[in-house]
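# Geometric and topological summary
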Amino acid sequence: MMWLLTQLKLQSKHQILMLQLRKQILMLQSKQQKLTLKLRQQRKLLKLRQQKLMLQSKLMLQSKQQILMMQLKQQKLLLKLRQQKLMLQSKLMLQSKQQKLMVQLRQ
């Protein structure tokens, strides 16, 4: 009889331990799922941040390129204006020399 009671107690303890173990396993699985979900979300966030940085850098490059293009256009225009100025000055000088020569010839 005593032996039977001991066996029942042992079996009961075993069942309790098994239940506790299952509970721990379920808790750990739940924790793992939460961590996996969090990791996925963080990866998505990181990817989005990378895309944002790429777009920002592209925009900065485009802006710099546009600024450089504007500067180049301005420099070309300035150069053209200087050339025109020089041409006009040389024409004026020629006209002045011609007028002086004409005056000298008349005298």
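A brief structural summary. Fair warning: this is a prediction, and the values are worked out from it, not measured in the lab.

Below, the discussion takes up the overall build of the chain. Looking only at helices and strands, one finds one helix and zero strands in the chain. In terms of overall dimensions, the chain has C-alpha extents of about 160 × 10 × 5 Å along its principal axes. A burial count over the chain gives 0% of its 107 residues as buried.

We now examine a nonpolar patch on the surface. The grouping of Met2, Trp3, Leu4, Leu5 and Leu8 at the surface amounts to a nonpolar patch, some 590 Å² of accessible area in total. For tryptophan 3, the location among the structural elements is in helix 1 (residues 2-106).

Cut-off values and rules
Residues numbered from 1 in each chain as written. Predicted model: local features only at pLDDT ≥ 70, side-chain atom pairs only at ≥ 80, totals over all residues. Heavy atoms only, no water. Helix = DSSP H or I, 4+ residues; strand = E, 2+ residues; numbered from the N terminus. Buried < 20%, exposed > 50% of the residue type's maximum accessible area, 1.4 Å probe, protein only. Patch = residues over 30% accessible without salt bridge, like charges linked within 9 Å, V, L, I, M, F, W, Y side chains within 5 Å. Areas by Shrake-Rupley, 256 points an atom, 1.4 Å probe, with all protein chains shown as cover. Salt bridge = Lys/Arg side-chain N within 4 Å of Asp/Glu carboxyl O.

Remember that the coordinates give geometry; whether it matters functionally is a separate question.
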